[in-house]
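# Structural overview
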Amino acid sequence: MLSSLFSSAFEAILPTAHAEEAQEVAEVEAPEASEDKEEEGEAEEEEEEEEEPEDPAPAIREACAESKECHAVKHHFEECAARVASGKVLIENEDCVEELFHLMHCVDACAAPKVFAQLK
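Each value, and the rule that gives it
- Residues numbered from 1 in each chain as written.
- Predicted model: local features only at pLDDT ≥ 70, side-chain atom pairs only at ≥ 80, totals over all residues.
- Heavy atoms only, no water.
- Disulfide = S-S within 2.5 Å.
- Helix = DSSP H or I, 4+ residues; strand = E, 2+ residues; numbered from the N terminus.
- Buried < 20%, exposed > 50% of the residue type's maximum accessible area, 1.4 Å probe, protein only.
- Core = buried A, V, L, I, M, F, W, Y, C linked by side-chain atoms within 4.5 Å.
- Contact = heavy atoms within 4.5 Å.
- Axes fitted to C-alpha atoms, helices over the stretch in contact; angles between N-to-C directions.
- Left-handed = near helix turned anticlockwise from the far one by under 90°.
- Nonpolar A, V, L, I, M, F, W, Y, C, P; charged D, E, K, R; others polar.
- Expected span 1.5 Å × (residues − 1).

### Topic: the state of the cysteines
Scanning the entire structure with this criterion turns up three disulfides. One disulfide bridge connects Cys64 with Cys110, the sulfur atoms lying 2.2 Å from each other. Negative torsions about the S-S bond denote left-handed disulfides, and the value of about -70 degrees found for Cys64 with Cys110 makes this one left-handed. Of the two residues, Cys64 sits in helix α4 (residues 57-66) while Cys110 sits in helix α6 (residues 97-119), which places them 46 residues apart along the sequence. Neither residue differs from the other here; Cys64 and Cys110 are each classed as buried. The side chain of Cys70 participates in a disulfide bridge whose partner is Cys106; the two sulfur atoms lie 2.0 Å from each other. In this structure, the disulfide formed by Cys70 and Cys106 twists by about -100 degrees around the S-S bond and is classed as left-handed. Remark: Cys106 occurs in helix α6 and Cys70 occurs in the loop between α4 and α5 (71-86); sequence separation between them is 36 residues. Each of the two residues, Cys70 as well as Cys106, counts as buried. Each bonded cysteine in the chain gets a number by its place in the sequence, and the pairs come out as 1-6, 2-5, 3-4.

Structural data, given as structure tokens:
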């Protein structure tokens, strides 16, 4: 749930480039070259899939967002997001970016030591 809030807030701020769209454009421009790249990409993907361990950071960040340390900040952000979604904004063009940044700061402060401890 929190990750969907983050992603929707980021998508509102920054446009998202989708790999599928870029691939379709590349195939239209050079269909022969894209077939060769797909074969090479499949071989590289097989090697990467075997070696890549699961990243613990998203689970740690999610747990930190649910922790008592970040509860008040998260509640404030969710309250703002609900208010903006319902159209009951306090100021014109309210977007909850400040609340999102406070939440991200809290989550990062909580998660960073835990993530780095697992890297050792």
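### Points about the environment of Ala81
Along the polypeptide, Ala81 turns up in helix α5. Ala81 gets classed as partly exposed once you look at its relative accessible area, which sits at 23%. For the pair formed by Ala81 and Glu99, sequence separation is 18 residues and the distance between their alpha carbons is 9.0 Å.

### What about the nonpolar core?
Counting 16 residues, the largest nonpolar core has Ile60, Cys64, Phe77 and Val107 as the members making the most contacts within it. No other element matches α6, which puts eight residues into this core. Ignoring any residue separated from it by four or fewer positions in sequence, one finds Cys64 in contact with Cys70, Val107, Cys110, Ala111 and Lys114.

### Brief notes about the packing of α4 against α6
Packing of α4 against α6 leaves a shortest axis separation of 9 Å and a crossing angle of 145 degrees. You can see that α4 and α6 cross each other, and the crossing is right-handed. Here Ala57, Ile60, Arg61, Cys64 and Ala65 of α4 come into contact with α6, specifically with Val107, Asp108, Cys110, Ala111, Lys114, Val115 and Gln118. Residues that form the contact of α4 with α6 fall into these classes: eight nonpolar, one polar and three charged.

### A look at α5
Taking 1.5 Å per residue, 16 residues should reach 22 Å; α5 reaches 22 Å between its end C-alpha atoms and fits that length. If you check which residues of α5 are buried, you get Lys74, Phe77, Cys80 and Arg83. Looking at the residues trailing α5, positive phi occurs at Gly87, about 90 degrees.

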